[in-house]
Structures are given as structure tokens and as C-alpha cells.
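Listed here are the chains, written in short residue letters.
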Amino acid sequence: MSSAMRLLHTSDWHLGRSFHRENLLDAQSRVLDHLVETIRTEAVDVVVVAGDLYDRALPPVDAVRLFDRTLARIHATGARAVLISGNHDSMARMSFATDLIDASGVHLRSSMDGVGTPVVVEDEHGPVAFYGIPYLEPEIARHHWGLSERGHPAALGHAMDLVRADLAERPGTRSVVLSHAFVTGGEPSDSERDISVGGASHVPQTIFDGVDYAALGHLHGRQALSPAVRYCGSPLAYSFSEEHQVKGYWIVDLDASGLAGAEFVRAPVPRPLARVRGRIDDLLSGAEWERFTGHWLQITLTDPRRPSRPMDRLRERFPHTLMLDFDPEGGAPERRPVTAKVSGRDERAVVADFVEWARGAPVSEEERALVDTAVEEVRLQEGAR
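Conventions and cut-offs
- Residues numbered from 1 in each chain as written.
- Predicted model: local features only at pLDDT ≥ 70, side-chain atom pairs only at ≥ 80, totals over all residues.
- Heavy atoms only, no water.
- Axes fitted to C-alpha atoms, helices over the stretch in contact; angles between N-to-C directions.
- Helix = DSSP H or I, 4+ residues; strand = E, 2+ residues; numbered from the N terminus.
- Parallel < 35°, antiparallel > 145°, perpendicular 65-115°, else oblique.
- Contact = heavy atoms within 4.5 Å.
- Nonpolar A, V, L, I, M, F, W, Y, C, P; charged D, E, K, R; others polar.
- Pairing = 2+ DSSP bridges.
- Expected span 1.5 Å × (residues − 1).
- Buried < 20%, exposed > 50% of the residue type's maximum accessible area, 1.4 Å probe, protein only.

Colleague: Teacher, can you tell me more about the packing of helix 1 (residues 25-41) against helix 2 (residues 61-76) here?
Modeller: Helix 2 packs onto helix 1 with a crossing angle of 10 degrees between their chain directions and a minimal axis gap of 10 Å. As judged from the angle between their axes, helix 1 and helix 2 are roughly parallel. Residues Leu 25, Gln 28, Ser 29, Leu 32, Asp 33, Leu 35, Val 36 and Ile 39 of helix 1 lie in contact with helix 2, whose contacting residues are Asp 62, Ala 63, Leu 66, Arg 69, Thr 70, Arg 73 and Ile 74. In the contact of helix 1 with helix 2, the residues fall into eight nonpolar, three polar and four charged.

Spelled out as C-alpha cells, the structure:
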């Protein structure tokens, strides 16, 4: 029975990223453990990583160590790896020593000079050409290639012309393209960095015509724009808008004629996230909210008036609350203009009036005591000068 070449398509690791100040490195490490185990158990031949390996151009040392360790573990499975840089990565830094590490079977493509020159991997059916197209900043690509048009369609269109020109010289060769771009029809979330600077940001799906599989990165939700053009999404959620997304990677099979199929493998969820809303007393006492105590939460309070110490109180039950919003039922209470003169008035009264105006409720006794203490400290400091 004829076998297929098996690929694992992943992207948007964003190593070094935090989630509303929560360090994600341990969660990222757990997901990459699962990725390596999947490579082994699924007998993957080639791992393709479609950009945004790091979360910023100068990643923290711990993120670099995790990346280095993950590449070594992928190599130890016997799989080859082809990776490209994304818009969060530094193109120049990611291209360091790539010629040297190519010999190990890890191929990182982060330079426009290499676009159109594939990594060729053989199986029993012949060669498969992997074309890595790093994220192309439109103006940089325009000057590099002498393009007359601006924007992402022009830059990526030229890159794909180079790919097709090379592929035409390789009759019978199957092909995979790695690209980090925003393809028309894709659904974004809140956690992708905007790439609209430099002209049109979207590129048409037809730009990838002529190849057997396009492994896309940039959008964080898994999406099949066509059987041969897919986003795998990020392996972790990086915004609350991704609460219902299923995270993981595509396992893609190429047989003698090209694309034979794709199956999605779910990644583990180190900590689920959710968005909830309601009145604070209901959230703190209702049994139906108990299932969210271990989640990262974005909570929207609907109390008609802003409660006192809401975050402190919510975190007693929901210790992983990260965001707090207010959306009062019936709309925000009407606020009377602050027109009272402050000159000559007691500082405590001025503060109390402001709090009542801003919150729609008078200061509590506890808050009044804090204001009294603050005013007395200021007066003592001024008297000591």
C-alpha cells in the first residue's frame, strides 16, 4: 500500500507573550510538549511553522531557550522542520546562521533573498518542494524587488510568481507554500497585530493558485479557506475574543498526486478562558458560576451603580479574573455637571463630590476615612517644608 508524506502545520507560537500580564511561558511549554508528542505519534515527516515564532523582535531569554529546546526535540523525532518569520519576528535576527542549521534538517526562512528557492524533501513518490515566504513588509519588499505597486497583494504576488517560476522548472514536483499574511475571507480575532500599514492589507486566496498546499499563519483561529489553503491558528488563546476557538494543528497528507487530506488535532488547554457578565452579588453567590473559578476571566458587571472594591471581591471567588468592565443595566446613570467652585472648600468635600459624580453613588465610610488620612498626611508634609 502506498504511503503519504505527513505534515504538521502549526503557526503563531508567540513565545514570550503574556496574557493581560499573566506569564504564558509555562502554558506555551506544555502545548509544545504536546506538539512534539503529536509529531512522534502521528509519524510526521515535515513540520511547517508559518511565522510569529516569537511575540516580539527582541524576545526574552526564557522564550529563546524554549524555542531552542523545541527545535532540538523536533529534530530528535526524525522529522524535518521548515519555519518562516512572521510580522512579530525580526527578519534579520531570525535569519542568523540559517545556512549552518540547514544541515540539521531544520530550515528557517527569514530572508527575501531565499523566496522562490525551496527546501526539497523526497519520499517514495518523488520530491516535495517547500517554499518559505516570510512576512513581507510591503514597503521593504517593494524596494527590495523594485516593485511599482504598493501593498501586500503586490509583495506576496511577486513572491508567488517566484515560487511558480521555480516550480515550473520542476515537473512532477508536489509543492507546499508557507506564508504569513491576511487572506481575504479569513476571520481575525483581537490578538493579531494590525498589518494594514503600507497599502492594502488583505491578499486574495487565488494568490496561492498552483501549489498543492498553502500553510498560512497570522490569524489565530483555525480556518479552511479551501481544502488546500488553511490557517491552523495559534496553539493558545491570546485574547478573550478567542474563548470559543478550538486550538491545535493540522495534520496534512500528501500522496503521489498531491493533497490527500487534512485532519485537525486539538492542543491541550492549560487554563480555559471565558467572558461572563452579571451583577456582582449574583456572580459571587450563584452556583451556576462555580464552573468558572479556574478560568481566566473577563467580567462585565451590570450593577446600576459601580460596586465598591469590585476586583478584590471578585478575585476571592474567581482568583484568575484578568479584566473588569462595567455596563450598567439601563445605561449609565445620568451625571450632573460638576459646577461647584472648589476654591475655599474643604478638600474632603471636593473629593467626595467628585467620587459621587464619577460613580453615581456617595463615598462610603471606609472611603471617607481613607480620604481623611490622605488629606492629613499631605498637610503634615506641607507643614514640614
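Colleague: Can you walk me through the sheet that holds strand 16 (residues 258-266) in this structure?
Modeller: Note on sheets: strands pair through backbone hydrogen bonds, and any given pair is parallel or antiparallel. If you walk across this open sheet you meet the six strands as 6-5-4-1-15-16, and the pairing is mixed. The open sheet has two free edges, formed respectively by strand 6 (106-109) and strand 16, since each of these has just one partner strand. Adjacent strand axes in the sheet meet at a mean angle of 20 degrees when their direction is disregarded. For strand 4 (residues 46-50) and strand 5 (residues 80-84), the ladder comprises five bridges, and the chain directions are parallel. Paired with Val 46 across the bridge in strand 5 is Arg 80. Against the sheet, helix 1 touches strand 1 (5-10), strand 4, strand 15 (248-255) and strand 16, its axis set at about 20 degrees to strand 15.

Colleague: How should I be thinking about helix 1 in this particular structure?
Modeller: For helix 1, spanning 17 residues, the distance from its first C-alpha to its last is 24 Å, which sits close to the expected 24 Å at 1.5 Å a residue. Taken residue by residue, helix 1 has Leu 25, Ala 27, Gln 28, Ser 29, Val 31, Leu 32, Leu 35, Val 36, Thr 38 and Ile 39 as its buried positions. Its buried side turned inward, helix 1 meets strand 1, strand 3 (22-23), strand 4, helix 2, strand 15 and strand 16.

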